[in-house]
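The chain contents come next:
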Amino acid sequence: AESLHIAGRRRETVQRVAREARAAGCGAVREYAVPMGQWDQAATHSDIIIQCTPIGMKPADPPVLPASAFRAGQVLCDLIYRILQVLESFPDIAP
């Protein structure tokens, strides 16, 4: 990848992950602390989205991002345990 952008709501976590990425040899690494209400804006401009919050663990949890946050060609990786529930939330884009 030309660049790696790491975004999250906790600045210290974002900084730690960025340090680890740099140590692993990732080239240009940029880091952003992004408030939860702005995640969809950050996601729209990303090629790969990795969702690793606990949101989605409970059956009543809403989707982390609205369908409008995604575009053709993006890759989404959701690191939660109830993935089928998440996929059911997006029938138009789920495999």
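Cut-offs used in this document
- Residues numbered from 1 in each chain as written.
- Predicted model: local features only at pLDDT ≥ 70, side-chain atom pairs only at ≥ 80, totals over all residues.
- Heavy atoms only, no water.
- Helix = DSSP H or I, 4+ residues; strand = E, 2+ residues; numbered from the N terminus.
- Buried < 20%, exposed > 50% of the residue type's maximum accessible area, 1.4 Å probe, protein only.
- Contact = heavy atoms within 4.5 Å.
- Areas by Shrake-Rupley, 256 points an atom, 1.4 Å probe, with all protein chains shown as cover.
- Polar contact = N/O pair within 3.5 Å; in protein donor to acceptor, adjacent residues only side chain to side chain.
- Patch = residues over 30% accessible without salt bridge, like charges linked within 9 Å, V, L, I, M, F, W, Y side chains within 5 Å.
- Salt bridge = Lys/Arg side-chain N within 4 Å of Asp/Glu carboxyl O.
- Core = buried A, V, L, I, M, F, W, Y, C linked by side-chain atoms within 4.5 Å.
- Expected span 1.5 Å × (residues − 1).
- Arc of directions from axis to C-beta.
- Pairing = 2+ DSSP bridges.
- Right-handed = clockwise from strand over helix to strand, strands pointing away.

Undergrad: Would you mind going over the overall build of the protein chain with me for this structure?
TA: Scanning the protein chain for helices and strands turns up 3 helices and 4 strands. Going from the N terminus to the C terminus, the protein chain shows its helices and strands as β-α-β-α-β-β-α. Looking at the protein chain as a whole, 22% of its 95 residues qualify as buried. Within the protein chain, counting contacts between residues at least 6 apart in sequence, those at least 24 apart form 60% of the total. Summed over its atoms, the accessible surface of the protein chain is roughly 7000 Å², and 57% of this surface lies on carbon and sulfur atoms.

Undergrad: What is the right way to look at the environment of L76 in this model?
TA: Residue placement: L76 occurs in strand β4 (residues 75-78). A C-alpha to C-alpha distance of 6.0 Å links L76 and I50, two positions 26 residues apart in sequence.

Undergrad: Just checking my understanding: could you explain the side chain of Q74 for this structure?
TA: Relative to the helices and strands, Q74 is located in the loop between β3 (48-51) and β4. We classify Q74 as buried; its relative accessible area is 15%. Of the polar contacts made by the side chain of Q74, one reaches the backbone oxygen of A43; its length is 2.7 Å. Looking at Q74, its side chain comes within polar contact range of the main-chain oxygen of S46, at 2.7 Å. Ignoring anything within four residues of it in the chain, the contact list for Q74 reads A43, T44, S46, D47, I49 and A69.

Undergrad: How should a nonpolar patch on the surface be read in this particular structure?
TA: The grouping of I48, I50, V75 and L79 at the surface amounts to a nonpolar patch, some 390 Å² of accessible area in total. Looking at where L79 falls in the secondary structure, it is placed in the loop between β4 and α3 (83-89).

Undergrad: Sorry, what's going on with the nonpolar core here?
TA: Within soluble globular proteins, side chains that are nonpolar tend to cluster in buried spots. By size, the foremost hydrophobic cluster in this structure holds 7 residues: V34, W39, A43, I49, L65, A69 and F70. With 5 residues, the next largest nonpolar core counts I6, V14, A21 and V29 among its residues.

Undergrad: Mind showing me how you'd approach helix α1 (residues 11-23) here?
TA: An α-helix turns once per 3.6 residues; consequently, residues spaced three or four apart project the same way. Between the first and last C-alpha of α1 there are 18 Å, a value that for 13 residues agrees with the 18 Å anticipated at 1.5 Å per step. For α1, the set of buried residues is V14, A18 and A21. With its buried residues spanning 60° around the axis, α1 presents them on a single face. Seen from the buried face of α1, the exposed residues on the opposite side, beyond 90 degrees, are E12, R19 and A23. Positive backbone phi, at 95°, marks G25, one or two positions downstream of α1.

Undergrad: Sorry, what's going on with the environment of Q51 here?
TA: Its location among the elements puts Q51 in strand β3. As a C-alpha pair, Q51 and D78 span 27 residues in sequence and 4.7 Å in three-dimensional space.

Undergrad: Please explain the pairing of strand β2 (residues 28-33) as it appears in this structure.
TA: Regular strands show a simple pattern: their side chains alternate between the two faces of the sheet. Two elements, strand β1 (residues 3-8) and β2, share 6 bridges in a ladder whose sense is parallel. Bridged to S3 within β2 is A28. Read from β1 through α1 to β2, the crossover connection turns out right-handed.

Treat this as a map of the structure, not an account of what it does.
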